Amino acid sequence: MSPLDGAWRWLHRLRAGIFGVVIVAFFLPFVTLSCTVQPLQTQISGIQLITGTQPSPSPTSIPQIQPQPAAGVAFTAAWVGLTTSFLPSRWGLWLPVGSGAVGGTLLLMLKSRFDQRVATEGAGVLRLEYHPGFWLAVGGFLVGYLVNCLLINRSRS
């Protein structure tokens, strides 16, 4: 047995943990919505993006943040990646690859939409700041995608 076999086995075990970290990241603050005119600063977690939330304190000029389907699908993709990582078949490699790709892409699309909406509707008054929870989720999806691609490539050879 070569030393690389142990590394591949370790990588195989790590892949479920990667998606577990992504799920935990959704409970951390994703963004802070702040206003330069009024005393408003609201941290929003990934779960609050899924369910929708009202910024607090709630001035009348800031609308409620509607539930974001992209965040919900990304969260579901993390669960699919986690649960299918335990499958011993080829599906246990291919489904986590898809989960990583879909989840990461949806979170980046969500960021783009938020940035565009704040730029157009915020009139320079609203500002978004992305927190490590968001970047941990995006990075986790990317790492999950890459690790599973490596394992698929190794299983072919």
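None of the values given here were measured: they were computed from a predicted structure.

Cut-offs and rules
- Residues numbered from 1 in each chain as written.
- Predicted model: local features only at pLDDT ≥ 70, side-chain atom pairs only at ≥ 80, totals over all residues.
- Heavy atoms only, no water.
- Helix = DSSP H or I, 4+ residues; strand = E, 2+ residues; numbered from the N terminus.
- Buried < 20%, exposed > 50% of the residue type's maximum accessible area, 1.4 Å probe, protein only.
- Contact = heavy atoms within 4.5 Å.
- Pairing = 2+ DSSP bridges.
- Axes fitted to C-alpha atoms, helices over the stretch in contact; angles between N-to-C directions.
- Salt bridge = Lys/Arg side-chain N within 4 Å of Asp/Glu carboxyl O.
- 1 Å grid on protein atoms, 1.4 Å probe; cavity = no way out; pocket = protein on both sides within 12 Å on 5 of 7 lines; lining within 4 Å.
- Points joined across faces, edges and corners; volume = space filled by probe spheres on them.
- Nonpolar A, V, L, I, M, F, W, Y, C, P; charged D, E, K, R; others polar.
- Polar contact = N/O pair within 3.5 Å; in protein donor to acceptor, adjacent residues only side chain to side chain.

**A look at the overall build of the protein chain**
Then comes step 1: Within the protein chain one finds five helices and three strands.
Then comes step 2: Reading the secondary structure of the protein chain in the N-to-C direction produces α-β-β-α-α-α-β-α.
Then comes step 3: Here the protein chain holds 157 residues, and the buried ones make up 43% of them.
Then comes step 4: Once local pairs closer than 6 in sequence are excluded, the contacts in the protein chain between residues at least 24 apart make up 62%.

**Thoughts on the sheet that holds strand 1 (residues 29–35)**
Then comes step 1: Strand order in this open sheet of three strands is 2-1-3, and the pairing throughout is antiparallel. The sheet is open, and its two edges are formed by strand 2 (40–45) and strand 3 (126–130), each paired on a single side. Along the sheet, successive strands turn relative to each other by an average axial angle of 20°, direction set aside.
Then comes step 2: Both strand 1 and strand 2 contribute to a ladder of six bridges, which runs antiparallel. The residue bridging Ser-34 from the neighbouring strand is Gln-41, located in strand 2.

**Examining the pattern of salt bridges**
Then comes step 1: Counting across every chain of the model gives one salt bridge.
Then comes step 2: Of the charged contacts in the structure, one is a salt bridge between Lys-111 and Asp-115, with a shortest N-O distance of 2.8 Å. Of this pair, Lys-111 and Asp-115 both sit in helix 4 (residues 91–121), four residues apart, which is roughly one turn of the helix.

**Observations concerning empty space enclosed by the protein**
Then comes step 1: Counting across every chain of the model gives one cavity of 30 Å³ or more.
Then comes step 2: Considered as a void within the structure, the largest cavity measures approximately 40 Å³ in volume.
Then comes step 3: Every residue along the wall of the largest cavity is listed here: Phe-30, Val-31, Leu-49, Leu-107, Leu-110, Lys-111, Phe-114, Tyr-130 and Phe-134.
Then comes step 4: At the level of secondary structure, the elements contributing two or more residues to the lining of the largest cavity comprise strand 1 and helix 4.
Then comes step 5: Among the elements that make up the lining of the largest cavity, the one with the highest residue count is helix 4 (four residues).
Then comes step 6: Split into classes, the residues belonging to the lining of the largest cavity amount to eight nonpolar, no polar and one charged.

**So, the side chain of Ser-99**
Then comes step 1: Within the secondary structure, Ser-99 is located in helix 4.
Then comes step 2: A polar contact is formed between the side chain of Ser-99 and the backbone oxygen of Ala-77, at a distance of 3.3 Å.
Then comes step 3: In this structure the side chain of Ser-99 is engaged in a polar contact, spanning 3.3 Å, whose partner is the backbone nitrogen of Gly-81.
Then comes step 4: Non-local contacts of Ser-99, meaning those with residues more than four positions away in its chain, are made with Phe-19, Ala-77, Val-80, Gly-81 and Phe-141.

**Here we look at the pairing of strand 1**
Then comes step 1: For strand 1, the buried fraction is high: six of the seven residues fall into the buried class.
Then comes step 2: Judged from the five bridges that link them, strand 1 and strand 3 form a sheet pairing that is antiparallel. If you follow Thr-32 over to strand 3, its bridge partner there is Glu-129.

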